[in-house]
Amino acid sequence: MEISSRGRVFLRHVLLAVGSLVMFFPFLWTVLSSLKDISQIFVVPPQWIPDPFVWSNYPASLEAMPFVQAYMNSFYITAIIVTATLISASMAAYAFAKIRFPGSNILFILFLATMMVPKQVTMIPLYLVMDRIGWLDTHWSLIVPGALFNAFAVFLLRQFVMGIPRDLEEAAVMDGAGYIRIYWSVILPLIRPALAAIGIFTFLGAWNSFLDPLIYLNTPEKFTVPLLLNNFKGLYTADWSLMMAGTTISVIPVLIVYIIAQKQIIEGITLTGIKG
């Protein structure tokens, strides 16, 4: 029996709703666990609703570790990485898409090839480089590699820039604009959806990064939020209630950014270029 178009739409929405609930379940479990006593978290059968609600887990988690300092560290590291990535990636995308120079295509292919290299391959060489230049246990070891090299960002932005009509550039040249003026006044305003998407992806990656801080940082005062949360877990025991409370707090900035910029995220993901 053929399903009507309205039935297909309804079925699609049901499947999306079920998928959303499945994806939302871990976050719901985290929030509920953050309001439980530690003895209630792993009881069998599971106790979904905390009884009683232990609101004191939140101030206790903030007092147990230097959370305020970790938040400040994560905020300023993430802000620098996002800003520098948007600037450097958009400049590189403009150069690869619109400026012809010897070997540009080969260089771009080599640039994209770095996306195929697993992070584990470069981990030890990069650690040795950081050690040689004295950046171990400093935030520079997190900021510089994350801010100045993002092949995915360059690739996505290049696709947008290639879709910009060349007539706009020629008109700017006729008005006496150079490469920098064209980049600033013509290119950037037209690729704002892609910049927003790249900014969100970069923000999520930098804010949630755990492996890099674990490798390079040793001083607790320099820890980021994900690395500090790991300190709730000891050798034999873990304070899961406080860890869940701290995890819930750490998710708040991500939720705020997504709620504010969700329209730009969707536009940046769905569009592959600007048609003229």
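Residues numbered from 1 in each chain as written. Predicted model: local features only at pLDDT ≥ 70, side-chain atom pairs only at ≥ 80, totals over all residues. Heavy atoms only, no water.

1. Observations regarding the overall build of the chain
Along the chain, the regular secondary structure elements total 13 helices and 0 strands. Secondary structure elements of the chain occur, N-terminal to C-terminal, as α-α-α-α-α-α-α-α-α-α-α-α-α. Expected size for 276 residues packed as a compact globule is a radius of gyration near 19 Å; at 23 Å, the chain overshoots this value by more than 25%. Dimensions of the chain, computed from the C-alpha atoms along their principal axes, are close to 70 × 70 × 35 Å. Considering only residue pairs separated by 6 or more positions, the chain has 76% of its internal contacts joining residues 24 or more positions apart. (Helix = DSSP H or I, 4+ residues; strand = E, 2+ residues; numbered from the N terminus. Rg over C-alpha atoms; globule rule 2.2 N^0.38 Å. Contact = heavy atoms within 4.5 Å.)

2. Topic: the packing of aromatic side chains
Following the criterion strictly, the structure yields 17 aromatic pairs and no others. Between Phe-25 and Trp-48 the ring centres are 5.4 Å apart and the planes differ by 65°, which places this aromatic pair in the edge-to-face class. Taken together, the positions of Phe-25 in helix H1 (residues 5–33) and Trp-48 in the loop between H1 and helix H2 (57–64) put the pair 23 residues apart, joining distant regions of the chain. Its relative accessible area of 40% is what places Phe-25 among the partly exposed residues. (Phe/Tyr/Trp six-rings, centres within 6.5 Å; stacked < 30°, edge-to-face > 60°. Buried < 20%, exposed > 50% of the residue type's maximum accessible area, 1.4 Å probe, protein only.)

3. Considering the nonpolar core
Core analysis: the largest hydrophobic core is formed by 30 residues, its most contacted members being Phe-67, Tyr-71, Trp-207, Val-225, Leu-228 and Phe-232. Looking at this core, the elements with two or more residues in it are helix H3 (67–98), helix H6 (140–148), helix H10 (192–208), helix H12 (225–229) and helix H13 (240–270). In contact with Trp-207, not counting residues within four places along its chain, are Tyr-71, Ser-74, Phe-75, Thr-78, Val-225, Pro-226, Ser-250, Pro-253 and Val-254. Listed in part, the 27 residues of the second largest apolar core include Phe-96, Ala-97, Val-186 and Leu-188. (Core = buried A, V, L, I, M, F, W, Y, C linked by side-chain atoms within 4.5 Å.)

4. Let's talk about helix H5 (residues 119–132)
Between its first and last C-alpha atoms H5 spans 20 Å; for 14 residues at 1.5 Å apiece the expected length is 20 Å, and the two agree. By the largest-angle criterion, Pro-125 marks the main kink of H5, which is about 25°. Among the residues trailing H5, Gly-134 stands out with phi positive, at a value near 80°. (Expected span 1.5 Å × (residues − 1). Bend = angle between axes of the 7 residues up to and from the residue.)

5. Observations concerning the pattern of salt bridges
Applying the stated rule across the entire model yields 3 salt bridges. Residues Asp-212 and Lys-119 are paired through a salt bridge, measuring 3.0 Å at the closest nitrogen-oxygen approach. Highlighted residues: Asp-212 in helix H11 (residues 211–216) and Lys-119 in helix H5, separated in sequence by 93 residues. For Lys-119, a relative accessible area of 40% corresponds to the partly exposed category. (Salt bridge = Lys/Arg side-chain N within 4 Å of Asp/Glu carboxyl O.)

6. So, the side chain of Arg-158
Note that Arg-158 resides in helix H7 (residues 151–162). Buried and without a salt bridge, Arg-158 has Glu-169 as its closest oppositely charged side chain, separated by 12 Å. Those residues in contact with Arg-158 that sit more than four places away from it in its chain are Ala-93, Phe-96, Ala-97 and Phe-108. (Lys, Arg positive; Asp, Glu negative; His and termini not counted.)

7. Examining the environment of Lys-98
With respect to the helices and strands, Lys-98 occurs in helix H3. Residue Lys-98 is classed as buried on the basis of its relative accessible area, which comes to 10%. Separated by 68 residues in the primary sequence, Lys-98 and Arg-166 place their C-alpha atoms 8.6 Å from one another. Not counting chain neighbours up to four residues away, the residues in contact with Lys-98 comprise Val-161, Met-162, Ile-164, Arg-166 and Glu-169. Of note is the side chain of Lys-98, whose polar atom sits 3.5 Å from the backbone oxygen of Val-161. A polar side-chain atom of Lys-98 sits 2.9 Å from the main-chain carbonyl oxygen of Ile-164. (Polar contact = N/O pair within 3.5 Å; in protein donor to acceptor, adjacent residues only side chain to side chain.)

8. Overview of H7
Structural remark: α-helix, 3.6 residues per turn; residues separated by three or four positions point the same way. Its 12 residues give H7 an end-to-end C-alpha distance of 16 Å, which sits within 8% of 16 Å, the value for a rise of 1.5 Å per residue. Those residues of H7 that fall on the buried side of the exposure criterion are Ala-151, Ala-153, Val-154, Leu-156, Leu-157, Arg-158, Phe-160 and Val-161.

9. A look at the packing of H3 against H7
Running from N to C, H3 and H7 point in directions that differ by 50°, and their axes come no closer than 8 Å. The angle between H3 and H7 places the two elements in the oblique class. Relative to H7, H3 is oriented so that their crossing is right-handed. Contacts between H3 and H7 involve Thr-85, Ala-89, Ser-90, Ala-92, Ala-93, Tyr-94, Phe-96, Ala-97 and Lys-98 on the former and, on the latter, Ala-153, Val-154, Leu-157, Arg-158, Val-161 and Met-162. Tallied by class, residues from the contact of H3 with H7 come to 11 nonpolar, 2 polar and 2 charged. (Axes fitted to C-alpha atoms, helices over the stretch in contact; angles between N-to-C directions. Parallel < 35°, antiparallel > 145°, perpendicular 65-115°, else oblique. Left-handed = near helix turned anticlockwise from the far one by under 90°. Nonpolar A, V, L, I, M, F, W, Y, C, P; charged D, E, K, R; others polar.)

10. Comments concerning the environment of Val-129
Tracing the backbone through its elements, the reader meets Val-129 in helix H5. Since its relative accessible area comes to 43%, Val-129 is described here as partly exposed. Along the primary structure Val-129 and Ser-141 are separated by 12 residues, whereas in three dimensions their C-alpha atoms are 9.6 Å apart.

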